[in-house]
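Take a look at the letters that make up each chain.
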Amino acid sequence: MKTTMSSLSAFGDSSIQTPSKSRIRQGCHSAGPNVSGDHINLASSSMPSFPILQRSSEEKILYSDRLTLERQKLTVCPIIDGEEHLRLLNFQHNFITRIQNISNLQRLIFLDLYDNQIEEISGLSTLRSLRVLLLGKNRIKKISNLENLKSLDVLDLHGNQITKIENVSHLCDLRVLNLARNLLSHVDNLNGLDSLTELNLRHNQITFVRDVDNLPCLQRLFLSFNNISTFESVCCLADSSSLSDITFDGNPIAQESWYKHTILQNMMQLRQLDMKRVTEEERRMASIVAKKEEEKKRESHKQSLLKEKKRLTINNVARKWDLQQHRIPNIAPNQDRKVSDSPQDPSQLHGSTVSAFPEETGSLDSGLTSALQGLSVTDTHLVEVDGDTLSLYGSGALESLDRNWSVQTAGMVTTVSFTFIEFDEIVQVLPKLKIKFPNSLHLKFKETNLVMLQQFNALAQLRHVDQLTIDPQGNPVVNFTLWKYYVLFRLSHFSMQKINGTEVTQNDMIMAERLFGILAHVASSELPQYRLISILGDARKKQFRYLLETKGKKPGLVNEENSDSKRLVGENTNRATLNYTTRDFYNERLEEIKEKKKFCKMYMEDLVKEATEINMKNEALQKLWPQMFIELVRDAVIEIRNKSSYMKLCLQQITDQK
């Protein structure tokens, strides 16, 4: 072994311990001292096309263990007889297409076939002592036939056409592997290379790296000029405890702003990055940036989780709504229903659960998927505040209007959206909406069962509405041609600006008045006064009484300004008679009327019964009264017949009473 090492030292052992750029990383271009091929004779052999190597005795003595056949224009390996003691053989810069005629050189340690035309690794099975094999710049397409080279220390295959790393797991003593300038697209199958300290993969087409963390001795890894674009594709490098020198220059990842900070944060053991020494200041900055990135990632993960939870809840609300509308059969509730246009990421969430938007499921990372496994999929309402929009999904969301909303949040809301809620249920909370969110100017309705024009009458009780959006989905009322004109007429006191995103013009207002003005006038004229007052709210009663009081006055007594005021008040009053009563309220009123009728009936029956009894008693008294009167007179005469006795008796009664 001592002889072997001295021989290696003579041909650049330092390059094996710490390979130079020209020899190992990009290919070895010299294998030892300049032993010119001019001193070697290649004689013809009995086998055609295979020359025989002949050296003089002096050359054999001087260079007994090495042979250089560099730049000899060889197309085949010559037959080498009587040279079994050779330890170094150099065939650089020839035209050899196949490795052969060297199986007898069983002491060979160093074989250099750089820059030839070899297409397949072969003919090496007997060279069990070989430690350095240089096959750079050839035409090799596959790593093969290295099974018997278990002592191999350096393997140089750079500049070939290799597409896959394979058949090297048995090389447990290999320290240097050079696969630069090949056609590799990924890195794997490196298990078993327990002694590997340097791996050169420059100038390939690599997009991801695996198994590198299973190399216990790897110190230097060169990945320059590949197609690596994300740290996730090389994340296994972070688990390597021995790696100290790595290069990524020339990759898309190296152009990213987070590149250096991410690499240094995840690979704290690095001493050099892209051939530059890593300073402590760089490590400190990487740590700070990494913490910020981690916080940003956690926030993004949180938002993604909320987003997915929101999607699930909206799907549940939609399914319950469809069941209520008898659109789908009652099947398992955990089957999702697509919601195509749900809002974007929420900035503030209220309600029992929330779920995630533009409502395609999308791809979720494993962490997010595992976080979602514990979610309940039975929640049936969602309340969301996103910027200036309050979105309510499901009838249960209406209960949120009873909460103690902060002044800042309530004042910020200008748009209120109702989805999957019966309009009749919405009507019941409109007074609360007016109080809780005084700045709400835009109302949106989707899947709310708006089916008739009368339902728009309920919106008149709000403080103000600038915009109204009625989604055709789940609101058949929009199929009526004149629905927009009716809205403009009934809610004219709001001076509405937009309906379904379309600007309201003066011509629209005139048309609305022409179409429905007579209807309102007839409705108000046909009702009796007491009915009108019961329909109108307290705020309208004074206006109505004003109308009644000014009806009898002569026109000359009322100036033009008062006439205009009277006309305006009259129009509002006419519209106010167009009210809407919800089905539930109507049913409640019917029940109340039934109860009142029942009570009145029972009360009248009791009165009749009592009157009948009184009459019967009166008739009986009339029959008994004459006899009773006679007996009263008789008793009085008998008592006062003896005056003195009667007086004593009376005095005695008075005394007893005292």
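Residues numbered from 1 in each chain as written. Predicted model: local features only at pLDDT ≥ 70, side-chain atom pairs only at ≥ 80, totals over all residues. Heavy atoms only, no water.

Under the annotation held in an unreviewed UniProt entry, the protein chain carries the name Leucine-rich repeat-containing protein 49 isoform X3 and is attributed to Vulpes vulpes.

A.B. asks: Would you take a moment to explain the overall build of the protein chain for this structure?
C.D. replies: If you tally the helices and strands in the protein chain, you get 16 helices and 23 strands. In the protein chain, the proportion of contacts linking residues at least 24 apart, taken out of those at least 6 apart, comes to 51%. Element-wise, carbon and sulfur atoms account for 52% of the exposed surface of the protein chain, whose accessible area totals about 36,200 Å². (Helix = DSSP H or I, 4+ residues; strand = E, 2+ residues; numbered from the N terminus. Contact = heavy atoms within 4.5 Å. Areas by Shrake-Rupley, 256 points an atom, 1.4 Å probe, with all protein chains shown as cover.)

A.B. asks: Quick question: what am I supposed to make of the packing of aromatic side chains here?
C.D. replies: What characterises a pair of aromatic rings is the spacing of the ring centres plus the angle enclosed by the ring planes. This structure, assessed with the given rule, holds 10 aromatic pairs. A ring pair is formed by phenylalanine 418 and phenylalanine 445, whose centres lie 5.4 Å apart and whose planes are at 15°; its orientation type is stacked. With phenylalanine 418 in strand E19 (residues 415-419) and phenylalanine 445 in strand E20 (residues 442-446), this residue pair connects regions lying 27 residues apart in the sequence. Ring geometry for tyrosine 486 versus phenylalanine 516: centroids 5.1 Å apart, planes at 80°, classification edge-to-face. Taken together, the residues span a long stretch of sequence, with tyrosine 486 in helix H10 (residues 483-490) and phenylalanine 516 in helix H11 (residues 506-526) at a distance of 30 residues. The exposure classification of tyrosine 486 matches that of phenylalanine 516, with both residues buried. Put simply, the rings of Phe418, Phe423 and Phe445 touch in pairs and so form one group of aromatic residues. (Phe/Tyr/Trp six-rings, centres within 6.5 Å; stacked < 30°, edge-to-face > 60°. Buried < 20%, exposed > 50% of the residue type's maximum accessible area, 1.4 Å probe, protein only.)

A.B. asks: Mind showing me how you'd approach empty space enclosed by the protein here?
C.D. replies: Empty pockets left among the atoms are what a rolling probe the size of a water molecule brings to light. Inspection of the entire model under this criterion finds 1 cavity of 30 Å³ or more. Approximately 70 Å³ is the volume found for the largest cavity. What lines the largest cavity is Lys434, Phe437, Pro438, Ser440, Leu441, His442, Leu443, Leu462, Arg463, His464 and Val465. Here the residues of the lining of the largest cavity sort into 6 nonpolar, 3 polar and 2 charged. (1 Å grid on protein atoms, 1.4 Å probe; cavity = no way out; pocket = protein on both sides within 12 Å on 5 of 7 lines; lining within 4 Å. Points joined across faces, edges and corners; volume = space filled by probe spheres on them. Nonpolar A, V, L, I, M, F, W, Y, C, P; charged D, E, K, R; others polar.)

A.B. asks: What is the right way to read the sheet that holds strand E10 (residues 198-200) from this model?
C.D. replies: In sheet architecture, strand pairing relies on hydrogen bonds along the backbone and comes in two forms, parallel and antiparallel. Sheet architecture is open: 11 strands sit in the order E3-E4-E5-E6-E7-E8-E10-E12-E13-E14-E15, paired in mixed fashion. Strands with a single pairing partner mark the edges of an open sheet, and in this sheet they are strand E3 (66-68) and strand E15 (276-277). Bridge count between strand E6 (residues 132-134) and strand E7 (residues 154-156): 3 bridges; the pairing is parallel. In the strand pairing of E7, leucine 133 is matched with leucine 155. (Pairing = 2+ DSSP bridges.)

A.B. asks: It is not clear to me how the environment of tryptophan 258 should be interpreted in this structure. Could you clarify?
C.D. replies: Relative to the helices and strands, tryptophan 258 is located in the loop between strand E13 (245-247) and helix H5 (259-266). Remark: the alpha-carbon pair of tryptophan 258 and alanine 290, spanning 32 residues in sequence, is separated by 8.8 Å. When near neighbours in sequence (up to four residues on either side) are disregarded, tryptophan 258 contacts Ser229, Thr230, Phe231 and Ile253.

A.B. asks: Got a minute to help me understand the pairing of strand E18 (residues 389-393) in this structure?
C.D. replies: Strand residues, when the strand is regular, have side chains that alternate between the two faces of the sheet. Among the 5 residues that make up E18, 5 are buried, leaving the element largely enclosed by the rest of the structure. A two-sided burial pattern is seen for E18, the buried positions comprising Thr389, Ser391 and Tyr393 on one face and Leu390 and Leu392 on the other. Bridge analysis of strand E17 (residues 382-386) against E18 gives 5 bridges, and the strand direction is antiparallel. When the bridges of E18 are listed, valine 383 appears paired with leucine 392. Once E17 ends, the chain turns through 2 residues before running back antiparallel as E18, passing glycine 387 with a positive phi of about 70°. This β-α-β element, E18 to helix H8 (residues 407-412) to E19, shows right-handed connectivity. (Right-handed = clockwise from strand over helix to strand, strands pointing away.)

A.B. asks: Would you mind showing me how to read a negative patch on the surface here?
C.D. replies: Taken together, the side chains of Glu605, Asp606, Glu610 and Glu613 make up a negatively charged region of the molecular surface. With respect to the helices and strands, the residue glutamate 610 is situated in helix H15 (residues 583-640). (Patch = residues over 30% accessible without salt bridge, like charges linked within 9 Å, V, L, I, M, F, W, Y side chains within 5 Å. Salt bridge = Lys/Arg side-chain N within 4 Å of Asp/Glu carboxyl O. Lys, Arg positive; Asp, Glu negative; His and termini not counted. Charge placed at Lys NZ, Arg CZ, Asp CG, Glu CD.)

A.B. asks: Looking at this structure, how should I read the pattern of salt bridges?
C.D. replies: Side chains that carry opposite charge are capable of pairing whenever their charged atoms lie near each other. For the coordinates displayed, the defined rule picks out 12 salt bridges. Measuring nitrogen to oxygen at the nearest pair gives 2.9 Å for the salt bridge that ties lysine 432 to aspartate 402. Remark: aspartate 402 occurs in the loop between E18 and H8 and lysine 432 occurs in helix H9 (residues 423-436); sequence separation between them is 30 residues. With a closest N to O distance of 3.9 Å, glutamate 503 and lysine 498 form a salt bridge. Using a relative accessible area of 49% as the deciding quantity, one classes glutamate 503 as partly exposed. Take lysine 498: its relative accessible area is 27%, and that puts it in the partly exposed class. Where salt bridges share partners, they join Arg131, Asp153 and Arg175 into one cluster.

A.B. asks: Hey, could you run me through the side chain of arginine 66 in this one?
C.D. replies: One can find arginine 66 in strand E3. A relative accessible area of 13% means that arginine 66 is categorised as buried. Within the local environment of arginine 66, its side chain forms a polar contact with the side chain of aspartate 65, the two groups lying 3.1 Å apart. (Polar contact = N/O pair within 3.5 Å; in protein donor to acceptor, adjacent residues only side chain to side chain.)

A.B. asks: What is the right way to look at the nonpolar core in this model?
C.D. replies: Side chains that are nonpolar tend, in soluble globular proteins, to be buried together. The biggest cluster of nonpolar side chains holds 68 residues, and the ones touching the most others in it are Phe91, Leu111, Leu237 and Phe248. At 3 residues, H5 tops the list of elements feeding residues into this core. If sequence neighbours within four positions are ignored, phenylalanine 91 has contacts with Leu69, Leu74, Cys77, Pro78, Ile80, Ile96, Ile102, Leu111, Asp112, Leu113, Tyr114 and Asn116. Counting 49 residues, the second largest nonpolar core, distinct from the first, contains Val429, Leu459, Ala460 and Leu488. (Core = buried A, V, L, I, M, F, W, Y, C linked by side-chain atoms within 4.5 Å.)

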